[in-house]
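Next come the chains, spelled out residue by residue.
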Amino acid sequence: MNGCTETSALNTERIRADFPIFSRRVRGNPLTFLDSAASTQKPTSVLETMDRVYRWCYANVHRGIYCLSEEATCCYEDTREKVADLINADAREEIIFTRNTTESINLVAYSWGRANIHAGDRILLTELEHHSNIVPWQLLARERGAELVVLGITDDCMLDLEQLDELLDERVRLVAFTMMSNVAGTIVPAKEIIRRAHDVGAVVLVDGAQAVPHLPVDVQELQCDFLAFSGHKMCGPTGIGVLHGRRKLLEAMPPFLSGGDMILRVSWDDTTWNDLPWKFEAGTPPIVEGAGLGAAVDYLKDIGMEAIAAHDRELVSYAMEQLSDLPGLEIVGPPAHRRGGVVAFTFRDIHPHDLAYLMDLEGVAIRAGHHCAQPLHQRLGLTATARASFYVYNTLEDVDRLVAALEKAATKLGRGA
Ligand code: 7TS
């Protein structure tokens, strides 16, 4: 045991007190939650904000000329400002609320993609992608007669940037890639890829599902055209996600979903679209979730995105150090300084599902499987991995608990460490 629980970057004791879930026990043990790449826990400020909106000012937004509706609209629209500020967007009109990263990517595939991808065009993805950043492009490519091309990785899950020169030419109309892998943890050189993609005239979508919650992300510095991410992976509620898009692109794009709220005027002969961002927000939006996401952004900004990234780095280096002491444990992906707070691994011949079950008996929640990245697992010659992922509330002691639970699992299965 390390004996010290805090990293030097964050006061985790104070942070953990903000998360009610850590007061519970799991199967008689303290909760060791190591599955934040799938979804994060929620602080009291987010829970209380949502509770307050439901109890105090709940009404539909953008339509009522009465106090409750005005207040609810303010809560929802204030979050747009907060999100714009978090990622340094040019303007709040460039922030579209969706349900999650998956829907944000689908919005671009259906709206921008159908208008701009034609037969013979190429869409460039990478071997690190989550299914959410593969399947919408496969459907689009099939429909339009376009071709998917895939940038390969090295054996330690770094993008093979030399290959990028061969793949990038004027046939590539879109480059879509994750800024941080949800399996290998790889943080990719986003700015360089975007610059090189723009040099051949391609539009760039960044999947920020893992990056935005864990790293400082500045869309003006990156110069990306689209950025997609989810509220539930950054201490916010489920049911709300974000698409940031460059205003010029969004203005030229046809609507994705249609109906109420996204129109200015409807007649039998003609319908005109609402201004940005509402052109892309059809129907009653996730009002309370919007307010909750605002509280989550405030929470993360108070801690500081640099400090969160530093905390992840400390936890992941310590975890990689401790895990590699276990004989037969193989870590997937790059060295600690090239990754965010994610460690996927295999442990001898123990199936990752069995490992996750045995960890759970000790109160340690990890994820096992292909983590919605089957092509990446295929590239690595694996069908599944076990994965520990960290966030602001994790401590060095959580890593010690994971390692102790793995040692116990090995002994239980007669494969003592
Ligand atoms: N892109 C990446 C890189 C992701 O990690 C995820 C979710 C998504 C897209 C989709 O996000 P959603 O909010 O639309 O579902 N990743 C994971 C994971 O690693 N375990 O469960 C979900």
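Residues numbered from 1 in each chain as written. Predicted model: local features only at pLDDT ≥ 70, side-chain atom pairs only at ≥ 80, totals over all residues. Heavy atoms only, no water.

Looking at the sheet that holds strand β6 (residues 147–151)
Line of reasoning, step 1. The seven strands lie next to each other as β4-β10-β9-β8-β7-β5-β6, forming an open sheet whose pairing is mixed. Every interior strand has two partners, whereas the edge strands, β4 (95–98) and β6, have only one. Going across the sheet, the axis of each strand differs from the next one's by a mean of 20 degrees, ignoring polarity.
Line of reasoning, step 2. Helix α3 (residues 67–86) rests against β4, β9 (226–230) and β10 (241–245) of the sheet, and its axis sits at about 120 degrees to β4.
Line of reasoning, step 3. Lying over the sheet, helix α7 (residues 190–199) contacts β7 (172–178) and β8 (203–207), oriented at roughly 175 degrees with respect to β7. (Pairing = 2+ DSSP bridges. Helix = DSSP H or I, 4+ residues; strand = E, 2+ residues; numbered from the N terminus. Axes fitted to C-alpha atoms, helices over the stretch in contact; angles between N-to-C directions. Contact = heavy atoms within 4.5 Å.)

Section: the sheet that holds strand β13 (residues 329–332)
Line of reasoning, step 1. The strand order across the open sheet built from four strands is β13-β14-β17-β16, with neighbouring strands paired in antiparallel fashion. Where the open sheet ends on each side, the last strands, each with one partner, are β13 and β16 (367–369). Ignoring which end each strand starts from, the neighbouring axes of this sheet average 30 degrees apart.
Line of reasoning, step 2. Along the sheet, helix α12 (residues 305–323) contacts β13 and β14 (342–347); its crossing angle with β14, the most-contacted strand, is approximately 10 degrees.
Line of reasoning, step 3. On the sheet, helix α13 (residues 352–361) packs against β14, β16 and β17 (385–389) and is oriented at approximately 160 degrees with respect to β16.

Regarding the nonpolar core
Line of reasoning, step 1. Counting 81 residues, the largest nonpolar core has Ile 87, Leu 124, Val 175, Phe 177, Leu 227, Met 234 and Val 392 as the members making the most contacts within it.
Line of reasoning, step 2. For this core, the leading source of residues is helix α11 (residues 287–303), giving ten residues.
Line of reasoning, step 3. Among the domains, domain 1 (12–30 + 304–412) and domain 2 (48–301) are the pair contributing at least three residues each to this core.
Line of reasoning, step 4. Once you skip the residues sitting within four places of it in the chain, Phe 177 turns out to touch Thr 126, Glu 129, Asn 133, Val 188, Ala 190, Ile 193, Ile 194, Val 204, Leu 205, Val 206 and Asp 207. (Core = buried A, V, L, I, M, F, W, Y, C linked by side-chain atoms within 4.5 Å. Buried < 20%, exposed > 50% of the residue type's maximum accessible area, 1.4 Å probe, protein only. Domains from an automatic or database assignment.)

Comments concerning the domain arrangement of the chain
Line of reasoning, step 1. Entries for the chain in the domain assignment read domain 1 (12–30 + 304–412) and domain 2 (48–301).
Line of reasoning, step 2. Domain 1 and domain 2 are separated by 28 Å when their C-alpha centres are compared.
Line of reasoning, step 3. In this complex, domain 1 contributes 33 residues to the contact, which on the side of domain 2 involves 32 residues.
Line of reasoning, step 4. When domain 1 packs against domain 2, close to 2600 Å² is buried across both sides, 61% of that on carbon and sulfur atoms.
Line of reasoning, step 5. Three residues stand out in domain 1 for area buried against domain 2, namely Met 305, Leu 376 and Arg 379, and they jointly supply 25% of the buried area on that side.
Line of reasoning, step 6. Counting every contact that joins domain 1 to domain 2 gives two salt bridges.
Line of reasoning, step 7. Between Glu 127 and Arg 379 there is a salt bridge; the shortest N-O distance is 3.5 Å.
Line of reasoning, step 8. In this assembly, domain 1 and domain 2 are joined by 15 residue pairs in polar contact (both at pLDDT 80 or more).
Line of reasoning, step 9. Those elements giving two or more residues to the side of domain 1 that touches domain 2 turn out to be α12, β14, α14 (374–379) and β17.
Line of reasoning, step 10. Along the lines of polarity and charge, the residues of the side of domain 1 that touches domain 2 split into 17 nonpolar, nine polar and seven charged. (Buried area = accessible area lost by both parts, 1.4 Å probe. Salt bridge = Lys/Arg side-chain N within 4 Å of Asp/Glu carboxyl O. Polar contact = N/O pair within 3.5 Å; in protein donor to acceptor, adjacent residues only side chain to side chain. Nonpolar A, V, L, I, M, F, W, Y, C, P; charged D, E, K, R; others polar.)

Thoughts on the site of the ligand
Line of reasoning, step 1. Close to the ligand lie 17 residues; Thr 102, Asp 207, Ser 230, Arg 367 and Arg 387 are nearest.
Line of reasoning, step 2. At a separation of 2.6 Å, a nitrogen atom of the ligand approaches a polar side-chain atom of Asp 207.
Line of reasoning, step 3. Within the side chain of Lys 233, an N or O atom sits 2.9 Å from a nitrogen atom of the ligand.
Line of reasoning, step 4. Compared with its free state, where it exposes 490 Å², the ligand has 90% of that area covered by protein.
Line of reasoning, step 5. Residue composition of the shell around the ligand, by class: three nonpolar, ten polar and four charged. (Near = heavy atom within 4 Å. Areas by Shrake-Rupley, 256 points an atom, 1.4 Å probe, with all protein chains shown as cover.)

Details of unusual backbone geometry
Line of reasoning, step 1. Looking along the chain, the bond that leaves Leu 276 and enters Pro 277 is cis, with omega of 0 degrees.
Line of reasoning, step 2. Mapping Pro 277 onto the fold places it in the loop between β12 (271–273) and α11.
Line of reasoning, step 3. If you check the backbone angles, Asn 88 has positive phi at about 55 degrees while not being a glycine.
Line of reasoning, step 4. One can find Asn 88 in the loop between α3 and β4.
Line of reasoning, step 5. Here the phi dihedral of Cys 372 falls at roughly 55 degrees; this positive angle occurs in a residue that is not glycine.
Line of reasoning, step 6. Looking at the secondary structure, you find Cys 372 in the loop between β16 and α14.

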